[in-house]
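Overview (structure and organization)
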Amino acid sequence: YWCLLNSDVRVTQNYILTPLEILKTSVDIVAVQPKIKSERQPDHFEYAGAAGGFLDYLGYPFCRGRLFQHIEEDNGQYDDEIEVFWTTGACMFIKRSAFEEAGGFDTTYFAHQEEIDLCWRLHHQGFKLLYTSKSTVYHLGGSTLTNHNPFKTYLNFRNSLFTLVKNLMAIEIPFIVFNRLLLDGVAGIVFILQGKPKHTLAILKAHFSFYFAIPRLVKQRRRIQPKFRIRKPLSIVIQHFILNRKKIIKY
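Please read these numbers as outputs of a predicted model, since none were measured by experiment.

Cut-offs applied
- Residues numbered from 1 in each chain as written.
- Predicted model: local features only at pLDDT ≥ 70, side-chain atom pairs only at ≥ 80, totals over all residues.
- Heavy atoms only, no water.
- Axes fitted to C-alpha atoms, helices over the stretch in contact; angles between N-to-C directions.
- Helix = DSSP H or I, 4+ residues; strand = E, 2+ residues; numbered from the N terminus.
- Parallel < 35°, antiparallel > 145°, perpendicular 65-115°, else oblique.
- Left-handed = near helix turned anticlockwise from the far one by under 90°.
- Phe/Tyr/Trp six-rings, centres within 6.5 Å; stacked < 30°, edge-to-face > 60°.
- Buried < 20%, exposed > 50% of the residue type's maximum accessible area, 1.4 Å probe, protein only.
- Contact = heavy atoms within 4.5 Å.
- 1 Å grid on protein atoms, 1.4 Å probe; cavity = no way out; pocket = protein on both sides within 12 Å on 5 of 7 lines; lining within 4 Å.
- Points joined across faces, edges and corners; volume = space filled by probe spheres on them.
- Nonpolar A, V, L, I, M, F, W, Y, C, P; charged D, E, K, R; others polar.
- Core = buried A, V, L, I, M, F, W, Y, C linked by side-chain atoms within 4.5 Å.
- Disulfide = S-S within 2.5 Å.

1. Observations regarding the packing of helix α4 (residues 150–167) against helix α6 (residues 197–224)
Following both chains from N to C, one finds α4 and α6 inclined at 30°, their axes separated by 7 Å at the closest point. The angle between α4 and α6 falls in the class roughly parallel. In terms of crossing hand, the pair formed by α4 and α6 is right-handed.

Structure representation (structure tokens):
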């Protein structure tokens, strides 16, 4: 069993016990994440993982306890154990055999979204992933790249497209990737209006990097053999920016 732990995470006493117990006693559960809380605001969840990760039908990642920039206070609302789509790379307990069988992290990602890609590949193999509130760690966040760094924007947009092409069912790729490219364009316009042209250029660079990487991604698809559709709650973009919801109603 491995614990994949970021260097900017503060652990708590006995944080290792429950995740290991779950992994040792469950055949099909191969990865577990604890509750991720903020080092800066200890009574709030933290952006990278919060209370378990999911994807909407366009492949946008979100967490219980965090929707875009809205971070929930921890009032015990997620004190449970629940199957999730992805477990955070900030603190993930995983069976070594499953990690190696899935091929580990894709080193071309460098940072951001690599744990989502890994978890999706684990799903293709029929495995399950779990969040448990019986273990807690505190994450500082932003230690590798800050939100103000255009390189972070580049990696997030590029790696997300990589993950979609590698893991979506073939029939889903044209519709979902096309819509994501359009929404990326909208994000680029928003960055310009916010006076952040470097982030818009980062999105353009991410798209061109994605186009050049398509032959390699197709080869990776053949090895992965995608056969697991993402769960499809209503688009988090619609829920948050149009319906003004601060929490996802349905998973």
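2. Focus on the packing of aromatic side chains
Per the counting criterion, the structure on display carries 11 aromatic pairs. Taking the centre distance of 5.3 Å and the plane angle of 65° together, the rings of W2 and F99 count as edge-to-face. A residue pair is termed long-range when its members are at least 10 positions apart, and W2 in strand β1 (residues 2–5) and F99 in helix α2 (residues 96–102) qualify at 97 residues. Given a relative accessible area of 12%, F99 falls into the buried group. Where F210 meets Y211, the ring centres are 5.7 Å apart and the plane angle is 50°; that geometry is what we call tilted.

3. Quick notes on the environment of R96
Of note, R96 is situated in helix α2. With residues up to four places along the chain from it excluded, the contact list for R96 reads Y1 and W2.

4. Considering helix α1 (residues 17–25)
All of the buried residues in α1 are T18, P19, L20, I22 and L23. Tucked into the core, α1 has its buried residues touching β3 (29–38), β8 (81–84), β9 (91–94) and β10 (128–139).

5. Topic: the layout of surface pockets
Reported here for the second largest pocket is a volume of approximately 240 Å³. Around the second largest pocket, the lining is made up of 13 residues, and of these A102, G103, R121, R223 and I224 lie nearest the centre. Only α2, α3 (114–124) and α6 provide two or more residues apiece to the lining of the second largest pocket. The greatest single-element share of the lining of the second largest pocket, amounting to three residues, is contributed by α6. Grouping the constituent residues of the lining of the second largest pocket by class yields three nonpolar, five polar and five charged.

6. Here we look at the nonpolar core
Of all hydrophobic cores here, the largest spans 45 residues; its most connected members are I94 and L122. Here this core gets five residues from one element, more than from any other, and that element is α3. If we skip the residues at most four places from it in the chain, I94 touches Y1, W2, L4, L23, V30, A31, F99, L118 and L122. Of all hydrophobic cores here, the second largest spans 12 residues; its members include I22, I36, L130 and V137.

7. Points about the state of the cysteines
Using the criterion set out here, one finds zero disulfides in the structure. With no disulfide of its own, C3 has C91 as its nearest cysteine by sulfur position, at a separation of 4.2 Å. On the basis of relative accessibility, which here comes to 30%, the residue C3 falls in the partly exposed class. C119 forms no disulfide, and the closest cysteine sulfur to it belongs to C63, at a distance of 11 Å. Judged by relative accessible area, which is 0%, C119 ranks as buried.

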